[in-house]
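# Summary of structural features
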Amino acid sequence: MDTSLFLAKFWGWYLLIFFFVLSFNPKRIKQIFEDLKDQKFVILAAFAAIIIGLLNILFHNIWELSWKFIITALGWTSLFIGLGLFVFPESTTRKLAVLNFKFVQTIYVLLFLLGIFLLNMGYELVLQ
């Protein structure tokens with residue numbers, strides 16, 4: 001299977017699952033930000049984000065103006081957030097909290113639409 005198609009499916013499903021879990025259980029958002037005060041949780045989250053981002057970048061670092069760039073951007077974003085959480089945990093946690101609380105509905109809608117778009121590209125649901 002083509003790496004781009006695989007990662008489009010992976011990120012598409014991940015974003016949709018994330019969207020629905022947080023939509024149907026909004027308490028989870030507050031719980032995540034409470035957990036970010038615990039350094040053990042931050043280290044685990046940082047390692048997970050770094051690993052996911054780094055694997056994404058190593059297998060798919062495509063810088064062309066197409067839907068494939070979205071996958072590359074997701075990988076780099078994951079890597080930078082993970083590094084930020086690992087190197088600067090307090091300031092990164094504060095920035096993530098401010099961003100999330102200010103733009104929570106916008107972020108949810110964008111995650112949902114991006115997930116649908118990537119699933120469409122991965123499964124070719126609607127002909128391009």
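Report follows, based on the coordinates. In this convention, every chain numbers its residues from 1, walking through the sequence in written order. Since the coordinates come from a predicted model, pLDDT governs what is reported: local features require at least 70, and pairs of side-chain atoms require 80 or more to be given and counted, while whole-chain, interface and lining totals use all residues. Heavy atoms throughout the structure, all of them, feed into the side-chain values; hydrogens and water do not.

The next thing to look at is a nonpolar patch on the surface. A surface patch of nonpolar side chains, amounting to about 1,000 Å² of accessible area, comprises Ile43, Phe47, Ile51, Leu54, Leu55, Leu58, Phe59, Phe86, Val87 and Phe88. Strands are runs of DSSP state E lasting at least 2 residues, helices are runs of H or I lasting at least 4, and numbering of each runs from the N terminus. Elements with a minimum of two residues in the nonpolar patch: α3 (39–59) and α4 (68–87). Among the elements that line the nonpolar patch, the one with the most residues is α3, at seven residues. For Val87, the position within the fold is in helix α4. In this scheme, a residue with accessible area under 20% of its type's maximum is buried, one over 50% is exposed, and one in between is partly exposed, where area comes from a 1.4 Å probe on protein chains only. On the basis of relative accessible area, Val87 is assigned to the partly exposed category, the value being 48%. Excluding any residue in a salt bridge, patches collect residues exceeding 30% relative accessible area, merging like charges within 9 Å and nonpolar Val, Leu, Ile, Met, Phe, Trp and Tyr side chains within 5 Å. Accessibility throughout is a Shrake-Rupley quantity obtained with a 1.4 Å probe, and a residue counts as covered only by protein chains that appear here. Basic side-chain nitrogens of Lys or Arg form a salt bridge, by our definition, when they fall within 4 Å of a carboxyl oxygen of Asp or Glu.

Mapped onto the secondary structure, Thr92 falls in helix α5 (residues 89–123). Residue classification places Thr92 among the buried residues on the basis of a relative accessible area of 14%. Among the polar contacts listed, one links the side chain of Thr92 to the backbone oxygen of Phe88, at a separation of 2.8 Å. For this analysis, a polar contact is any N or O atom pair within 3.5 Å, provided that within protein one partner can donate a hydrogen and the other can accept it, and provided that sequence-adjacent residues contribute only side-chain to side-chain pairs.

A few words now on the packing of aromatic side chains. Pairing of aromatic side chains here covers Phe, Tyr and the six-membered ring of Trp, requires ring centres within 6.5 Å, and sorts the geometry by plane angle: under 30 degrees stacked, over 60 edge-to-face, intermediate tilted. Counted under the stated rule, the structure contains 13 aromatic pairs. Here the aromatic rings of Phe47 and Phe86 are separated by 5.2 Å at their centres, their planes lie at 45 degrees, and the arrangement is tilted. Remark: Phe86 occurs in helix α4 and Phe47 occurs in helix α3; sequence separation between them is 39 residues. A residue is classified by how much of its surface remains accessible, and Phe47, at 41% relative accessible area, is partly exposed. Owing to a relative accessible area of 42%, Phe86 belongs among the partly exposed residues under this scheme.

In short, geometric facts, not functional conclusions.
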